[in-house]
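Observations on chain architecture
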Amino acid sequence: MTQAATGSEPDERVPGRRWTVRLDPVGRGSAEVRVSCSRPACAERRLPSAAAGRTAAVAHLTAHLRATPAPRADTYCACRADGCRAHLPDTDRHARTAQPWRCGGPVVLTVITDRAGRWWQALECCSRCAAATPGARTAAASPPSAPRTAGRPTPAVPGTVAGNPQFSDQQVTTPTGGPAPLPVPAPRPRPARRRPPEARVGRRVIPRDLRPESLRDELTELGDLFRAYQKRPEPDLALLADLQERKARAFLTWSDVSCDVTLRLEAQRAEQAAAVIRRQHQHRTGCAPDGEEPGVARLLTGPAQWEYARSVLAHVAGHTPLPGVEARLLVLMLTLRTAHSGTGNLVGQDVNALGLTDPEDLVEQLTGCGWLSLPGTVGDLLASRPENPTPITVPSLVPGKDGTGPFTFGRKTRPKLSGWAQRVVSDKKLRKAKAPAGARLLAVTLATWTDHVGRLGPGGRGVTLDALTTQVPVDADELRDLIDRLTAADWLTDTALTDTHLTGRLTERVLPLTCPLPD
């Protein structure tokens with residue numbers, strides 16, 4: 001017998017019924033789960049997955065609810081034994097007395113679920129405790145109280161069957177006319193904890209405490225605009241140039257505020273990108289800057305690549321092991337093939353198409369002096385085809401122990417430069433005119449000494465003969481003959497050769513092959 005909560009007289013009521021169905025993992029490395037019930041007669045059951053286990057657990061508890069008699073009116077709350085918070089004394093400092101909880105209302109059969117779906121519990125308690133329990137749902141209520149008769153228990157609701165269901169494949173049936181309890185409530189999903197998204201511009205995270213707020217708003221907007229631009233079906237170079245300019249200004253301010261040097265460097269890169277993109281847009285739309293030929297789509301697309309081309313020509317002028325213009329042209333083409341790692345592939349057509357007088361003898365001289373290394377004979381090289389190229393090595397271009405070589409451009413730029421030079425020396429009109437190696441070398445050289453509209457020299461003032469003969473080792477008479485050949489091949493126009501300068505301009509058809517000098 002238990003003592004009542006509000007007096008010292010014996011409490012003749014019986015404790016409310018309670019049972020729990022649990023879902024637990026079997027062990028590490030296994031997806032199986034174990035379903036168990038607190039009633040001794042219910043055996044443990046294993047299921048292959050958590051979803052199957054949850055379904056079985058709900059079905060088992062539902063079977064209990066259907067087979068259990070209606071709540072008894074002469075019971076006290078089953079939750080009281082667990083220190084239910086509804087039964088704890090009121091600890092409010094303003095309360096006059098610390099009175100225990102007083103239950104009230106009819107006895108109900110309540111179902112409580114775990115939010116994570118790990119256990120389900122059914123218990124008998126008063127309606128007041130059920131209302132005070134979060135997430136509790138009432139499955140059945142006791143009939144109205146009747147005058148109690150000594151020695152006579154409270155009758156069960158007609159149509160119910162007492163007993164405890166077993167774990168088995170057989171389903172528990174409900175007799176016809178029995179009460180239909182409410183379905184077991186599904187566990188409430190646990191709300192996921194979501195951190196507020198971080199504002200980013202490019203790969204940089206914008207600090208939440210960045211001040212001034214106008215700067216943070218500008219960076220956040222820029223990040224959104226760049227991401228929106230990447231989703232555009234068609235490019236808009238004018239818009240992209242504007243975004244890069246805004247980024248340059250914002251990152252410069254950000255660098256001043258945070259004293260971060262890397263932000264200043266990124267601002268400079270954004271400014272350079274804006275200039276290049278703006279120029280590309282002007283060329284595409286025909287709105288080129290003053291004095292520049294509109295609509296020129298050059299093979300080498302930027303000032304950096306143009307400077308790389310000039311650096312290769314300057315290197316070859318100072319490191320050609322043999323005299324003569326033919327050796328200079330062959331060394332230039334081989335250097336562009338092997339510039340990054342000192343090694344490359346070559347076929348016979350690459351050498352035979354340069355207009356050399358005796359290509360076999362010239363290659364043998366380069367191998368004989370050690371400048372060029374071949375795995376086989378020169379004849380094998382000249383007979384090789386694209387499907388079976390010959391690997392070549394230029395020892396002087398192989399990077400040293402520190403990994404650096406004579407050139408600073410990367411492996412992706414090398415084939416662009418090599419392709420550009422190949423386009424120049426194999427120009428259709430030069431091939432038809434059977435231009436010699438000197439004319440082809442002069443064409444490559446002049447392509448790097450023009451302004452944006454093709455005029456020779458800085459600002460169109462011409463090229464000095466001293467600088468020209470340093471790159472193209474010929475005398476004055478040979479130089480005049482080569483200029484005439486290029487003029488006849490529609491490569492040069494309006495030329496004038498004096499004792500000190502060569503003036504003129506490249507024709508419009510070869511402007512895409514030019515590498516303009518900086519302004």
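Residues numbered from 1 in each chain as written. Predicted model: local features only at pLDDT ≥ 70, side-chain atom pairs only at ≥ 80, totals over all residues. Heavy atoms only, no water.

**Some words on the sheet that holds strand E10 (residues 137-141)**
By way of backbone hydrogen bonds, the strands of a sheet pair with one another, either parallel or antiparallel. On the basis of which strands lie adjacent, the open sheet formed by 6 strands has the order E6-E5-E4-E9-E8-E10 and antiparallel pairing. Strands with a single pairing partner mark the edges of an open sheet, and in this sheet they are strand E6 (45-47) and E10. If you compare each strand with its neighbour and ignore which way they point, the axes differ by 20° on average. By the bridge criterion, 5 bridges tie strand E4 (residues 18-25) to strand E9 (residues 119-126) in an arrangement that is antiparallel. Note that in E9 the partner of Thr20 across the bridge is Gln121. Helix H1 (residues 50-67) rests against E4, strand E5 (33-37), E6, strand E8 (107-113), E9 and E10 of the sheet, and its axis sits at about 170° to E4. (Pairing = 2+ DSSP bridges. Helix = DSSP H or I, 4+ residues; strand = E, 2+ residues; numbered from the N terminus. Axes fitted to C-alpha atoms, helices over the stretch in contact; angles between N-to-C directions. Contact = heavy atoms within 4.5 Å.)

**Quick word on the sheet that holds strand E17 (residues 501-506)**
With antiparallel pairing, 3 strands are arranged side by side in an open sheet as E15-E17-E16. The open sheet is flanked by strand E15 (463-464) and strand E16 (492-497), the only strands paired with a single partner. With 4 bridges joining them, E16 and E17 adopt antiparallel strand pairing. When the sheet's bridge partners are listed, Ala496 is paired in E17 with Thr503. Packing of helix H15 (residues 476-488) onto the sheet brings it into contact with E16 and E17, and relative to E16 it is tilted by some 160°.

**As for the nonpolar core**
Leu330, Leu372, Trp420, Leu442, Leu446, Leu486 and Trp491 are the most contacted members of the largest nonpolar core, which totals 70 residues. The element contributing the most residues to this core is helix H7 (residues 325-338), with 9 residues. Setting aside anything within four residues of it in sequence, one finds Leu442 in contact with Leu468, Val472, Leu479, Leu482, Ile483 and Leu486. Val201, Ala241, Ala250 and Leu263 belong to the second-largest nonpolar core, a separate cluster that totals 19 residues. (Core = buried A, V, L, I, M, F, W, Y, C linked by side-chain atoms within 4.5 Å. Buried < 20%, exposed > 50% of the residue type's maximum accessible area, 1.4 Å probe, protein only.)

**Things to note about helix H11 (residues 413-425)**
Here H11 contains 13 residues, and its C-alpha end-to-end distance of 19 Å stays within 8% of the 18 Å for a straight helix at 1.5 Å per residue. Contacts made by the buried residues of H11 are with helix H6 (303-319), H7, helix H12 (428-432) and helix H13 (437-447). (Expected span 1.5 Å × (residues − 1).)

**Observations concerning the pattern of salt bridges**
All told, the structure shown has 23 salt bridges when counted by the stated rule. A salt bridge links Arg17 to Glu124; the nearest nitrogen and oxygen atoms lie 2.6 Å apart. Of the two residues, Arg17 sits in the loop between strand E3 (14-15) and E4 while Glu124 sits in strand E9, which places them 107 residues apart along the sequence. Glu124 shares its class with Arg17; the two are buried. (Salt bridge = Lys/Arg side-chain N within 4 Å of Asp/Glu carboxyl O.)

**Description of unusual backbone geometry**
A cis amide bond links Arg211 to the next residue, Pro212, at an omega of 5°. Assignment of secondary structure puts Pro212 in the loop between strand E12 (204-205) and helix H3 (213-230). Phi at Cys259 takes a positive value of approximately 60°, unusual for a residue other than glycine. Tracing the backbone through its elements, the reader meets Cys259 in the loop between helix H4 (237-258) and helix H5 (261-285). Residues other than glycine seldom take positive phi values, yet Lys434 does so here, at roughly 50°. Structurally, Lys434 is set in the loop between H12 and H13.

**Brief notes about the packing of aromatic side chains**
Across all of its chains, the model carries 3 aromatic pairs by this definition. Between Phe407 and Phe409, the ring centres sit 5.4 Å apart and the planes meet at 25°, which makes this aromatic pair stacked. For Phe407, a relative accessible area of 12% gives the class buried. Assessed through its relative accessible area of 5%, Phe409 is described here as buried. Taken together, the ring pairs in this structure connect Tyr308, Phe407 and Phe409 into an aromatic cluster. (Phe/Tyr/Trp six-rings, centres within 6.5 Å; stacked < 30°, edge-to-face > 60°.)

**A few points about H4**
Look at H4: 31 Å from first C-alpha to last across 22 residues, which is about the 32 Å you get at 1.5 Å a residue. For H4, the set of buried residues is Leu237, Leu240, Ala241, Leu243, Gln244, Lys247, Ala248, Ala250, Phe251, Trp254 and Ser255. Positive phi shows up at Cys259, right after H4, with a value of about 60°.

**Looking at the side chain of Arg414**
Mapped onto the elements, Arg414 comes out in helix H11. Despite its burial, Arg414 pairs with no opposite charge; the closest candidate is Asp350, at 9.9 Å N-O. Aside from chain neighbours lying at most four places away, what touches Arg414 is Leu336, Arg337, Ala339, His340 and Phe409. (Lys, Arg positive; Asp, Glu negative; His and termini not counted.)

**Here's the deal with the pairing of E8**
Side-chain positions along a regular strand alternate between the two faces of the sheet. Burial within E8 is extensive, with 7 of its 7 residues counted as buried. On E8, burial covers both faces: Val107, Leu109, Val111 and Thr113 on one face and Val108, Thr110 and Ile112 on the other are all buried. Bridging between E8 and E9 involves 7 bridges; their strand directions are antiparallel. The residue of E9 that forms the bridge with Val107 is Cys126. Between E8 and E9, which pair antiparallel one after the other, the connecting turn spans 5 residues, and Gly117 there sits at a positive phi close to 75°. Looking at chain direction, E8 and E10 are connected through 4 bridges and run antiparallel. In the strand pairing of E10, Thr110 is matched with Thr138.

**Quick look at the environment of Gly405**
Assignment of secondary structure puts Gly405 in the loop between strand E14 (390-393) and H11. Classification of Gly405 as partly exposed rests on a relative accessible area of 40%.

**Quick notes on the side chain of His315**
Among the structural elements, His315 can be located in helix H6. With residues up to four places along the chain from it excluded, the contact list for His315 reads Leu397, Pro406 and Phe407.

**Quick word on the environment of Leu23**
Positionally, Leu23 belongs in strand E4. For Leu23, a relative accessible area of 8% gives the class buried. Linking Leu23 and Ala57, residues 34 residues apart in sequence, is a C-alpha distance of 7.2 Å. What Leu23 contacts, discounting residues up to four positions off in sequence, is Val33, Arg34, Val35, Ala50, Gly53, Arg54, Gly117, Arg118 and Trp120.

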